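# Fold and contact review
Here is how the chains run, residue by residue.
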Amino acid sequence: MKAISRTASTTAPSAEEAGARSFARTTRLLMAPAVIFLLIWMLVPLAMTIYYSFQQYNLIMPMYNGFAGLTNFTILLSDPTFWKSLANTLIIVAASLVITVCLGLALALLFNRTFVGRGVARTLAVAPFFVMPVVTGLIWKNMLFHPVYGLFAWVARQLGLEPIDWLAHYPMLSVIIMITWEWTPFALLVLLTGLQSLPEDQIEAAKLDGASAWQEFRHIVIPHLGQVLYVVVMLESIFFLTSFAEIYTTTGGGPGTATTNLPYYIFQTVFQQNDIGIASAAAIGAVILANIFAIMLIRFIAGNLNAGAAR
Amino acid sequence: MNSNRFTNGALGVLAWGVALLIFFPILWLLLTSFKTEQQAFTVVPNFFFSPTLESFKMALAQGSGYWHYAWNSALTAVASTVIGLALAVPAAYAMAFYPNKRTDFLLVWMVSTKFIPAVGVLIPIYLVYSAVGLLDNALGLTLLFTAMNLPIIVWMVYSYFRDIPKDIVEAADIDGASIMQTLFKVVLPLALPGLASTGLLALILAWNESFWSITMTDHSAATLAVYIASFKSAEGLFWAKMSAASVLAIAPIIVLGWFTQRQMVRGLTFGAVK
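Along each chain, residue indices are assigned from 1 in the same order as the chain's sequence is written. The order in which chains are written sets their letters, starting at A; the order in which ligands are written sets their numbers, starting at 1. In keeping with the predicted nature of the model, local features appear solely for residues at pLDDT of at least 70, side-chain atom pairs appear and are counted solely at 80 or more, and the whole-chain, interface and lining totals rest on all residues. The side-chain values count all of the structure's non-hydrogen atoms but skip hydrogen atoms and water molecules.

- The name given to chain B in an unreviewed UniProt entry is Sugar ABC transporter permease, and the organism recorded there is Salinicola acroporae.

## Looking at the nonpolar core
- In terms of nonpolar packing, the biggest core is built from 203 residues, with Phe111 and Ile266 of chain A together with Phe115, Phe161 and Trp212 of chain B touching the most fellow members.
- Counting residues per element, this core draws most heavily on helix α13 (residues 276–310) of chain A, which supplies 17 residues.
- In what follows, residue pairs with any heavy atoms lying within 4.5 Å of each other are defined as contacts. If near-sequence neighbours (up to four positions away) are discounted, Ile266 of chain A is found in contact with Ala279, Ala282, Ala283 and Ala286 of chain A together with Val119 and Ile123 of chain B. Throughout, nonpolar core names a set of buried Ala, Val, Leu, Ile, Met, Phe, Trp, Tyr and Cys residues whose side chains join them through atoms within 4.5 Å. Note on exposure labels: buried denotes an accessible area under 20% of the residue type's maximum, exposed denotes more than 50%, and partly exposed covers the range between, all computed with a 1.4 Å probe on protein chains only. Put simply, DSSP marks the helices as runs of H or I at least four residues long and the strands as runs of E at least two long, and each gets a number from the N terminus on.

## Quick word on the interface of chain A and chain B
- Chain A puts 98 residues into the contact, and the matching count from chain B is 99 residues.
- Contact between chain A and chain B buries roughly 9000 Å² in total, counting both sides, with carbon and sulfur atoms accounting for 81%.
- Reported buried area values correspond to the accessible surface (1.4 Å probe) lost by two parts on association, with both partners' losses combined. Looking at the side of chain A facing chain B, the largest losses of area belong to Leu30, Phe130 and Met132 of chain A, adding up to 9% of the total buried there.
- We count a salt bridge whenever a side-chain nitrogen from Lys or Arg sits within 4 Å of a carboxyl oxygen from Asp or Glu. The tally of links between chain A and chain B comes to 0 salt bridges.
- Under the rule applied, a polar contact is a pair of N or O atoms within 3.5 Å (in protein, one hydrogen donor and one hydrogen acceptor; residues adjacent in sequence only if both atoms are side-chain atoms). Inspection of the region where chain A meets chain B yields 9 residue pairs in polar contact (both at pLDDT 80 or more).
- Per-element tally for the side of chain A that touches chain B: the top contributor is helix α1 (residues 2–53) of chain A, with 20 residues.
- The class makeup of the residues in the side of chain A that touches chain B is 76 nonpolar, 16 polar and 6 charged. When residues are grouped by polarity, Ala, Val, Leu, Ile, Met, Phe, Trp, Tyr, Cys and Pro land in nonpolar, Asp, Glu, Lys and Arg in charged, and all others, Gly among them, in polar.

## Section: a nonpolar patch on the surface
- For patches, a residue must show more than 30% relative accessible area and have no salt bridge; joins then use 9 Å for like charges and 5 Å for nonpolar side chains, namely Val, Leu, Ile, Met, Phe, Trp and Tyr. Using the Shrake-Rupley algorithm and a 1.4 Å probe, accessible areas are obtained, with residue cover drawn only from the displayed protein chains. A surface patch of nonpolar side chains, amounting to about 310 Å² of accessible area, comprises Ile36, Leu39, Ile40 and Leu43 of chain A.
- Mapped onto the fold, Ile40 of chain A is located in helix α1.

## A word on the domain arrangement of chain B
- What counts as a domain boundary in this text is fixed by an automatic or database domain assignment. Assigned domains within chain B: domain 1 (2–57) and domain 2 (65–233).
- The distance between the C-alpha centroids of domain 1 of chain B and domain 2 of chain B comes to 36 Å.

## Focus on unusual backbone geometry
- A cis amide bond links Gly254 of chain A to the next residue, Pro255 of chain A, at an omega of 0°.
- Looking at the secondary structure, you find Pro255 of chain A in the loop between α11 (245–249) and α12 (262–271).
- Backbone geometry places Asn274 of chain A, a non-glycine residue, at a positive phi of 55°.
- Summarising the element assignment, Asn274 of chain A is placed in the loop between α12 and α13.
- Asn274 of chain A gets classed as buried once you look at its relative accessible area, which sits at 19%.
- Backbone geometry at Asp136 of chain B places phi at a positive 55°, although glycine is not the residue there.

## Considerations on the domain arrangement of chain A
All names here are of chain A.
- Domains assigned within chain A are domain 1 (2–53) and domain 2 (79–310).
- Each of domain 1 and domain 2 has a C-alpha centre, and these two points are 42 Å apart.
- Counting from both sides, the interface comprises 5 residues of domain 1 and, opposite them, 7 residues of domain 2.
- Interface area, domain 1 with domain 2, both sides summed: about 420 Å², of which 85% is carbon and sulfur.
- Among the residues of domain 1 in contact with domain 2, Thr49, Tyr52 and Ser53 are the three that bury the most area, contributing 75% of the side total.
- Inspection of the region where domain 1 meets domain 2 yields 0 salt bridges.
- Summed over the shared surface of domain 1 and domain 2, the number is 0 residue pairs in polar contact (both at pLDDT 80 or more).

Take a look at the structure:
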């Protein structure tokens, strides 16, 4: 009897251990394909970009290729077009952020009220977010902004004003208008989702306490939306940093370099100047810029994850 | 009370006004697509005209190549979604139901790859693709779309799996089901609606993608985004045709998008907003 129980107690843990080990192996096998895929398609190329940024590497002049040290970076930093593209990138991000978040918040509050046909109106208002950016660029460039045949020119003439050649005279504003048109619906959509999760009883309590609409907005809505606003700002920043299609289809980065942002600058450096080294150095810049926002956002997502686990 | 009702009415009208204003460019595109080229390209816009399907016929005609691009768009979007789900489901399953101390880190790491800007990996991918013959290749583009959407798909599938009560899975484990049996017999059927909306979101994002399509394809694997972008230098010649092609390209996505608004928010904000 004693012997049996002893063998049982010695074999049981080892069987459990073996079971746990094969279990761990199975879960690792389940995760491996996704992890390996992302390693190959994202991290390995990122490492290669860093490597290329230290190489002299021009596709049409292969005889000069070789280790370049920091030359690519010094060339890049002395290139006014790079600085211009950096400034343009930041202008696009800042202006589009301010406009989309403010408009999105105002619209979310407006669409959170009950009125006739709210569902249909909301559906129409978020539609631009689902339009391909390439199509967005062409609609605005051809049918709205065009100085002769565009709708804006016609409206200006109706009002007795001189039609404006938007893309030639206000290229940056035009790009920002297009991006804003696409992304205000996103801000609206997310903020509206946030508003709808606002606890009803808090509002009721505030109303009973005689809070004005402004007090209600300032002390209940804004704190509740704080998280949502944070996420919208971070996500939009990351997406605005990489704006491309709207510029590619309309201004082509011009006139001159007026609307060349960092992605477009890199695109031109690779595909028009074939300079892999300098383009890679600029790409590192773009990654660092995106990381500033991404790190904050990822911290927030990770924090949320733990909060979810605690719940 | 009366003034309150008046304010409510006025705000309703304002909301409708804003909605129509925002929607107007799409409406204008739609109207233009039902015009002839002559009607589309005028100094005084035609608001009233007898609609014609001529531009749609032109856009879809044999020589236009529309079907070639539409096929590439559909193929790459569907294939990248299927591959993405096939990679994400096992990973999300392991993370949601059999977490260990590295799970949180892995999940956050996967999400963080979404925030690497495309230009940060463009150059090596372009060079390697051109070396191995994946440039202007539907498989090459599909795999890029997969990489682009995988973090979102993993996250969404994970969050849907987490909504499934743990005891159901534990009960299956105790009944002696293997990990894979539990996945296929218990978890997947329960998460099917979530998987469907995740797939829909991935389809939309892939269909609308333009950066990789423009940089990585030229003709044989070119998608609708590339085709429509090629109208950028057509000064007024093909506005009606361009509009018809654009309408065909965006209409299915707008309709799908309207049905998936909530999932879109959930996926793109990585669960921070529900």
